[in-house]
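Here is what each chain is made of, one letter per residue.
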Amino acid sequence: MIDEYGLIFKRYNNVFLKQKPLFIMHNESLGAKPTAQPSKQLETFPNPNPSRDFHIHMEIPEFTCLCPKTGQPDFAIIYLDYIPDQLCVELKSLKLYMWSFRDEGCFHEAVTNRILDDLAAATQPKFMRVTAKFYVRGGLFTNVVAEHRQEGWQPKPLVDLLQFSAQSNIRG
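### Looking at the overall build of the protein chain
No. 1: The number of helices and strands found in the protein chain is two helices and eight strands.
No. 2: For the protein chain, the α and β elements follow one another from N to C terminus as β-β-β-β-β-β-α-α-β-β.
No. 3: Residues classed as buried in the protein chain amount to 30% of the 172 residues present.
No. 4: Counting contacts in the protein chain only where the partners sit at least 6 residues apart, residues at least 24 apart contribute 64% of the total.
No. 5: With the model as given, the accessible surface of the protein chain reaches about 12,900 Å², and the carbon-plus-sulfur share is 56%.

Dropping the structure here:
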């Protein structure tokens, strides 16, 4: 018998004796039930400074899909680098989009190019690169790099700020 406080009583010679519980189960939740679901829908927002070329770099370290041959999970870090034109990708939708591959069988090359095609279609960037670094499978690492470039767009010359020593303005 368990009383209202969760204490256990055992009957012994028609007398109930208090027994120490082995464990106590709580009915309280440690958090809310997740409501987010994977989605192939990518959302965007207006580029806050479309007159300037600036580089957006994202690292997605928890990408997962399934091997199309064995059904075993494949894990990768996805690196997204892009120079937006009029639109930027919204981060929560990107997270849910990446999550949507978790139960899909995908060849590494195919999923990397699919991610690039979907992101480029949603944002129409000046430039975009998706780099997928898959963890070892069968003793092999796979890295796949796919790029999109807006027709006619050329990057501006790189300014090398490392040509000056970090101590160059110190006299001594």
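### Things to note about the sheet that holds strand β5 (residues 73-83)
No. 1: As summarised here, the arrangement of the four strands in space is β4-β5-β7-β8, forming an open sheet in which the pairing is antiparallel. On the outer flanks of this sheet lie β4 (56-66) and β8 (140-149), each paired with one strand and no other. Recorded for the sheet is a direction-independent mean angle of 15° between the axes of neighbouring strands.
No. 2: The pairing of strand β7 (residues 127-137) with β8 spans nine bridges and is classified as antiparallel.

### Here's the deal with the layout of surface pockets
The method is simple in principle: a probe with the dimensions of a water molecule rolls over the atoms, and the space it marks as empty is what remains.
No. 1: Taken as a whole, the largest pocket encloses approximately 380 Å³ of empty space.
No. 2: Taken together, 15 residues make up the lining of the largest pocket; nearest its centre are Ile83, Trp153, Pro155, Lys156 and Leu158.
No. 3: Looking at the lining of the largest pocket, the element that brings in the most residues is β5, giving three residues.
No. 4: Here the residues of the lining of the largest pocket are counted per class, giving nine nonpolar, one polar and five charged.
No. 5: Considered as a void within the structure, the second largest pocket measures approximately 230 Å³ in volume.
No. 6: As for the second largest pocket, its lining consists of Met58, Glu59, Ile60, Pro61, Glu62, Phe63, Leu91, Leu94, Lys95, Met98, Trp99 and Arg102.
No. 7: Sorting the residues of the lining of the second largest pocket by element identifies β4 and α1 (91-99) as the ones contributing at least two each.
No. 8: Sort the elements by how many residues they give to the lining of the second largest pocket and β4 lands first, with six residues.

Here is what the cut-offs are and how they apply
Counting restarts for each chain: residues are numbered from 1 in the order of the written sequence. Whole-chain, interface and lining totals are the exception, using all residues; otherwise, since this is a predicted model, local features are given only for residues with pLDDT of at least 70 and side-chain atom pairs are given and counted only at 80 or more. Side-chain figures throughout are based on the complete set of non-hydrogen atoms in the structure, without hydrogens or water. Strands here mean DSSP runs of E at least two residues long; helices mean DSSP runs of H or I at least four residues long; both are numbered from the N terminus. Summary of the burial criterion: residues with accessible area below 20% of their type's maximum are buried, those above 50% are exposed, and those between are partly exposed, where the area comes from a 1.4 Å probe applied to protein chains only. It only takes one pair of heavy atoms within 4.5 Å for two residues to be counted as in contact. The method behind every accessible area is Shrake-Rupley, applied with a 1.4 Å probe, and residues are considered shielded solely by the protein chains displayed. Paired strands, as defined in this entry, are two strands with at least two bridges between them according to DSSP. A fitted line through C-alpha atoms serves as each axis, taken over the contacting stretch for helices, and the angle formed by two N-to-C directions is quoted from 0 to 180°. With a 1 Å grid laid over protein atoms only, a set of points is called a cavity when a 1.4 Å probe fits there but cannot get out and a pocket when it is open yet has protein on both sides within 12 Å along at least five of seven lines; lining residues have an atom within 4 Å of a point. Grid points are joined across faces, edges and corners, and a volume is the space filled by probe spheres set on the points. Classification convention: Asp, Glu, Lys, Arg as charged; Ala, Val, Leu, Ile, Met, Phe, Trp, Tyr, Cys, Pro as nonpolar; all other residues, Gly among them, as polar.

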